[in-house]
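Coordinates in review
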There are 4 protein chains.
Amino acid sequence: MLAVAVVGGTGYTGVELLRLLVAHPQVDLKYITSRSESGKQVADMFPNLRGFTDICFSEPALETLAECDIVFFATPNGTAMKMVPELVARGARVIDLAADFRLKDAEVWKHWYGMEHACADVLAEAVYGLPEMNRASIKSARVVANPGCYPTAVTLGFLPLVENALIDDQHLIADAKSGVSGAGRGASVATLQAESAENFKPYAVNGHRHLPEIRQTLASVASHEVGLTFVPHLVPMIRGIEASLYATLKSDVTAEDLHKLYVDRYADEPFVDVLPEGTMPETRTVKGANNCRISVFIPQQGDTVVVSSVIDNLVKGAAGQAIQNMNIMFGFDESTGLNQVALLP
Amino acid sequence: MLAVAVVGGTGYTGVELLRLLVAHPQVDLKYITSRSESGKQVADMFPNLRGFTDICFSEPALETLAECDIVFFATPNGTAMKMVPELVARGARVIDLAADFRLKDAEVWKHWYGMEHACADVLAEAVYGLPEMNRASIKSARVVANPGCYPTAVTLGFLPLVENALIDDQHLIADAKSGVSGAGRGASVATLQAESAENFKPYAVNGHRHLPEIRQTLASVASHEVGLTFVPHLVPMIRGIEASLYATLKSDVTAEDLHKLYVDRYADEPFVDVLPEGTMPETRTVKGANNCRISVFIPQQGDTVVVSSVIDNLVKGAAGQAIQNMNIMFGFDESTGLNQVALLP
Amino acid sequence: MLAVAVVGGTGYTGVELLRLLVAHPQVDLKYITSRSESGKQVADMFPNLRGFTDICFSEPALETLAECDIVFFATPNGTAMKMVPELVARGARVIDLAADFRLKDAEVWKHWYGMEHACADVLAEAVYGLPEMNRASIKSARVVANPGCYPTAVTLGFLPLVENALIDDQHLIADAKSGVSGAGRGASVATLQAESAENFKPYAVNGHRHLPEIRQTLASVASHEVGLTFVPHLVPMIRGIEASLYATLKSDVTAEDLHKLYVDRYADEPFVDVLPEGTMPETRTVKGANNCRISVFIPQQGDTVVVSSVIDNLVKGAAGQAIQNMNIMFGFDESTGLNQVALLP
Amino acid sequence: MLAVAVVGGTGYTGVELLRLLVAHPQVDLKYITSRSESGKQVADMFPNLRGFTDICFSEPALETLAECDIVFFATPNGTAMKMVPELVARGARVIDLAADFRLKDAEVWKHWYGMEHACADVLAEAVYGLPEMNRASIKSARVVANPGCYPTAVTLGFLPLVENALIDDQHLIADAKSGVSGAGRGASVATLQAESAENFKPYAVNGHRHLPEIRQTLASVASHEVGLTFVPHLVPMIRGIEASLYATLKSDVTAEDLHKLYVDRYADEPFVDVLPEGTMPETRTVKGANNCRISVFIPQQGDTVVVSSVIDNLVKGAAGQAIQNMNIMFGFDESTGLNQVALLP
């Protein structure tokens, strides 16, 4: 059994981690920390956990966290980077669900996140936790940067095309849509139901923090900078991301060819499901499940390829992928504790 | 391993049964029937099941169904009663998720369901599958009538009060609210999202089929007829039932007394959770889970008791309760395959 | 043209007042105040008003407000009572959409609202602005207390029964449900879409501020105290209230009699619509409109009467009723500016 | 007063037309036809109209329709084309809200709509009713083809760019999203709330009927064929379309230049609102209103332009635009009866 701690458990990625951790057969949940809720039963805040755990929120303490085999950070950006160096020094391994270790370049990180990075050296060693690209290095990583929700959906969608240099990678377009849980559990006017329900809107058109993250990953695959326009939108639903991706094909290729390329690329991936040709992904088919479902199209046999990729932003886009990374890091079967069937309807 | 068949698997109770059955460690899913979809992969219709089962819909055939240990009926009312006598004669056991075996009196059944009952003798032996009342007889039953969704929420809410004769049982009021999945997966104008979203309404105020079912159960507990006004309402959400129950107390009793009564009554029940005093039930705390959560109040220390009871209509109100009944019938731990944490948010 | 001011225009009742005021042919909107947003264009905060008004939020100033014919308060409870005495002294008339003038007894008010009342004398003269009861006194009132949203729906539903002493008024039950806009536009976790969508729950079962308001009104009609259990619930939709009302009939009366009683009672009311017998009210039929639609039932010809009453909480339950009161106070046709057709679907 | 008829009034465009027509000061609504509902009061089917009209559905009859000044068709595709030649011959003018007269080429129409066109000659004379392009010809038209909902949002968004030849018009991308009312009021499984709520999906990626319509319009502006990838998506809300449009800029131009271009292009348009730079359109700001709101962006000062355009699919995307066309055809002020403020929240 792994001794596991979660730092910052009062948000949606936190409670989703708990939902998955209490059902994981190899996990002994030792600590879940929250400064503001210290002493309160977790199940009092999240009554879906009544009967599954008696654990209480506690103050984060380096001493006790360091005794754990693995520490998850489900904290606001900028928190993990202050504690991780010491934790790693004491032998704990870390998966950060925030953005502290996602960008390799501390200057770029500072530009997008508005603060100095506290441990550029750890940044260098941290592994970007997208198993479909980095499984081997995740296995031995001390620090895993769990990918952002949009980057997971967009990167898995573009990956086979970029790996095979099939498209003009200077004009990639990612039109992405997310449910409101992506905005987090903080009190806010913009995501009140009376504001966000019965509404659809783009946001952050001029620049979203997930843009440099996606660019970095695709550039590492292409071996050169890529051009990407990324426009996120807010969908009046709780969970789910759909990314519609557009690119111009550089050479003649049929929809059938592309479908086969995707099927082959992800054939051994337990959590990427390439749908039969002509089938449209729907976010509800992954609600509560650690799957990414993908389809690829060439409308009207033109030179524009369209990829649609769906995930549950809180599962494959956050907590589920974190568990998947943990399974890899500790040598468990990658699917352990992740076999939930999506809740449909 | 149990050999299991599901008759009629294209509706919401059907797909929910499948979600639970594919995860049940003692179940070997042999058949899932649908006349209209015969030959089609179940996972093509319900893509959340992709990767969990390769089973195809097949024509319902008495021969093959009778070979199974247990046959679930997730069919429209009036279907099961035509097949059950023969199945039982051949040794299969049956759980009917429709209403065919819920009412003891064939005349009353005819009045509410508009057709002659096809097997009044089986009606007599069928056990009403509410484990919290009938666990012992469910264990040995050949035919279990799985309770309706509203009756599950309302009955569990009233039970301790009626068992202890604490209330005027001639003027019970059940104001119940259900998500739209309760209306089923059939094409219909009234539950189009453009009709039922952003709307709230009562329906069937003058008489709903679940009324005689609740009355029958409460009368059997009270040992006399009860008076009940039952008003269902449609809530713009997918899953969940909340029932607010009102009755006049016959004697002096405090809210604390009542809370203790409920806690004691359900202390050994794995799927009924009496909340701490002052806590309000919310349907989302049981979404996807086989729980009923209940609170009891005496507002302003008056003589009116208010009980609020929540379930997921598709789980404790249908498929989950059916699995619970199966577990009881075959001597498994009652919680086997039913430990899903509710999906929150 | 009336010179009109709105104090506190950044909440939902505020923006709804603006929607109706900009379309009212007799209104010259002079001021809309907000301390926090002073100087900002109203249409920048509420872009639905782009093209309809260029007005900016301004600091509330007694001098300028007092020049207006009518001042609406759409402020938090406890704000209006501090400004109203002076405004009235200077000749302005006031409609308060908050609760400051709804309860006649300053002690009761203090108990429920947790502060001393600032002007008990104005409390005495203020008229409760339910036109269907108090039209004559509204006409000449200097201060109108615009009713709460739940009280509007519940009171109009019970009124004919209480006026005619047809029911046991010591055990009235009001099971009420409201969309989330009723919770206001303040940042809050509980009404984030990720929390309140796909959820249904009761709240404030042990006592809601609208309880004493309804009791006061019904008691004034009955000429004695009434007993009322009032349980509000939160519905996952933006607008709308439905109240299901239950009472025991004291004498033999048919559903047909009751229907006629309701039709007659409201025959001359422009904004109360008694539906044909057997028809269920739906909140969407009043979305954006100043109507209350009501049905009355006697299920199974028993002795329990069921009334269902629907309104849009922001219109007939707030801003629309306020305009209706203004029309009465200034001698306009009562429907002026209130002829919007509900938005369906 | 105009004598007005609506053929086919039982769908969402039909009831929306009625909502607007009953409030139009120049309209005398003579007939509303429906074969299936003939004899039924319209307000019985659409209770939001109670009190606004007593009209009943009637059988469509050429005789009586021809007496009207204007006949709206809110019928399924393929219906209007059978009646319009005779109506026009008798002197009535027609606005078709379906697709019968939208495509100029009868062969293309046949390809996309799967039937022979019944009156290719009328097709030739019909005017595409987008006032922002064709106001002059609409004025004198006998037959107006009211644009599709997606084409309205997409065309108004691309128009200034194509008119000024600023973009590579061979690789236009329109990622469009619509609320479920766009799917109509017919009984269907796919748009049941339990299916479409809490879900987001693309559909018709390989070809939607609105694709040739948009292409035809943009080609007429560009004076050559354009290349367009159009991907519609279904949003879990009732009303609203957002279209995110992407194109590669052919020459250096700043975001400020483009914003000015859009502002100037639509300066005199009563129903197109170019938002201030940096402001994101939201569908809720046009809910129930005849507006199109547009923003234009050049993210990261690159060579990709992003336009976001929102409408209410039932108003500016259907019934409102039809009234706007009627106003133009009969010389009324273009905004007559169309000054509704969007319902927010």
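Structure shown above.
Here the structure is a predicted model, which is why all the values come from computation and not from measurement.

With that settled, consider the side chain of D:Thr336. Along the chain, D:Thr336 falls in the segment after α12 (315-329). At a separation of 2.6 Å, a polar atom in the side chain of D:Thr336 contacts the main-chain carbonyl oxygen of D:Asp333.

So, on to the interface of chain D and chain A. It is common to give the size of an interface as the accessible area lost on bringing the parts into contact. Contacts between chain D and chain A engage 46 residues on the former and 46 residues on the latter. Taken together, both faces of the contact between chain D and chain A bury some 3,900 Å²; the carbon and sulfur share is 56%. A per-residue breakdown of the area chain D buries against chain A is headed by D:Glu198, D:Phe200 and D:Gln300, which together make up 17% of the total. Where chain D packs against chain A, one counts four salt bridges. When the shortest N-O distance is used, the salt bridge between A:Arg284 and D:Glu195 registers 2.8 Å. The interface formed by chain D and chain A holds 24 residue pairs in polar contact (both at pLDDT 80 or more) in total. Broken down by secondary-structure element, the contributors of at least two residues to the side of chain D that touches chain A are β8 (172-179), α9 (193-196), β9 (201-202), α10 (210-222), β10 (228-235), β11 (241-248) and β14 (304-311) of chain D. Looking at the side of chain D that touches chain A element by element, the count peaks at five residues for β10(D). Of the residues in the side of chain D that touches chain A, the class split is 22 nonpolar, twelve polar and twelve charged.

Looking now at the sheet that holds β10(D). Two orientations exist for strands paired in a sheet by backbone hydrogen bonds: parallel and antiparallel. Residue and element names in this part refer to chain D. What the seven strands build is an open sheet, ordered β9-β10-β8-β11-β14-β13-β12; its pairing is mixed. With one partner strand each, in any of the chains shown, β9 and β12 (272-274) form the two edges of the open sheet. Bridge count between β8 and β10: eight bridges; the pairing is parallel. By the bridge assignment for β10, Ala 176 is matched with Pro 232.

Our next topic: the sheet that holds strand β4 (residues 70-73) of chain A. All names here are of chain A. Read across the sheet, seven strands follow the order β3-β2-β1-β4-β5-β7-β6 without closing on themselves; strand pairing throughout is parallel. Looking at strand neighbours, the two that pair on one side only are β3 (57-58) and β6 (127-128), the edges of this open sheet. Where β6 meets strand β7 (residues 143-145), two bridges bridge the pair, whose relative direction is parallel. For Val 127, the partnering residue across the bridge sits in β7 and is Val 144. Against the sheet, helix α4 (residues 80-89) contacts β4, β5 (93-96) and β7, and its axis sits at roughly 175° relative to β4.

All names here are of chain B. Mapped onto the secondary structure, Glu 37 falls in the loop between β2 (27-33) and α2 (42-45). Using a relative accessible area of 21% as the deciding quantity, one classes Glu 37 as partly exposed. In contact with Glu 37, not counting residues within four places along its chain, are Thr 10, Met 45 and Phe 57.

Superposing chain D onto chain A requires a rotation of 180° together with a translation of 0.0 Å along the rotation axis, leaving an RMSD of 0.0 Å. Between the two chains, the operation in question is that of a two-fold axis. Among all residues of chain D, the one whose C-alpha sits closest to the rotation axis is D:Pro236, at a distance of 3.1 Å. A high fraction, 100%, of the interface residues of chain D reappear at the interface in chain A, so the copies pair face to face through one surface.

Attention shifts here to the packing of aromatic side chains. For the structure shown, the criterion picks out 14 aromatic pairs over all chains. Where B:Phe200 meets C:Phe200, the ring centres are 6.2 Å apart and the plane angle is 5°; that geometry is what we call stacked. Taken together, the positions of B:Phe200 in the loop between α9 (193-196) and β9 (201-202) and C:Phe200 in the loop between α9 (193-196) and β9 (201-202) put the pair across two chains. Among the residues examined, C:Phe200 registers a relative accessible area of 0% and is labelled buried.

How each quantity is defined
- The numbers attached to residues start from 1 for each chain and follow its sequence in the written order.
- Whichever chain is written first is A, and whichever ligand is written first is 1; the rest continue in order.
- Side-chain atom pairs in this predicted model are given and counted only at pLDDT of 80 or more, local residue features only at pLDDT of at least 70, and totals for whole chains, interfaces and linings cover all residues.
- With hydrogens and water excluded, all non-hydrogen atoms of the structure serve as input to the side-chain values.
- Strands here are runs of E lasting at least two residues and helices are runs of H or I lasting at least four, both read from the DSSP assignment and numbered beginning at the N terminus.
- Whenever two N or O atoms come within 3.5 Å, that pair is a polar contact, provided that in protein one can donate a hydrogen and the other can accept it, and provided that, for residues adjacent in sequence, both atoms are side-chain atoms.
- Contacts are residue-level and defined by heavy atoms, with any inter-residue pair within 4.5 Å sufficient.
- Summed over both partners, buried area is the accessible surface (1.4 Å probe) that two parts give up on being assembled.
- Salt bridge, as used here: a side-chain nitrogen of Lys or Arg that lies within 4 Å of a carboxyl oxygen of Asp or Glu.
- Gly is put with the polar residues, along with every residue not named as nonpolar or charged; the nonpolar set is Ala, Val, Leu, Ile, Met, Phe, Trp, Tyr, Cys and Pro, and the charged set is Asp, Glu, Lys and Arg.
- Should DSSP find at least two bridges between two strands, the strands are regarded as paired.
- Interaxial angles span 0 to 180 degrees and are taken between N-to-C directions of axes, which are lines fitted to C-alpha atoms, for helices over the stretch in contact.
- When accessible area is computed with a 1.4 Å probe and restricted to protein chains, residues below 20% of their type maximum are described as buried, those above 50% as exposed, and intermediate ones as partly exposed.
- Superposing copies: least-squares fit, C-alpha atoms only, residues required to have pLDDT of at least 70 in both.
- Pairing of aromatic rings covers Phe, Tyr and the six-membered ring of Trp, with a centre-to-centre limit of 6.5 Å; geometry is then stacked below 30 degrees between planes, edge-to-face above 60, and tilted otherwise.

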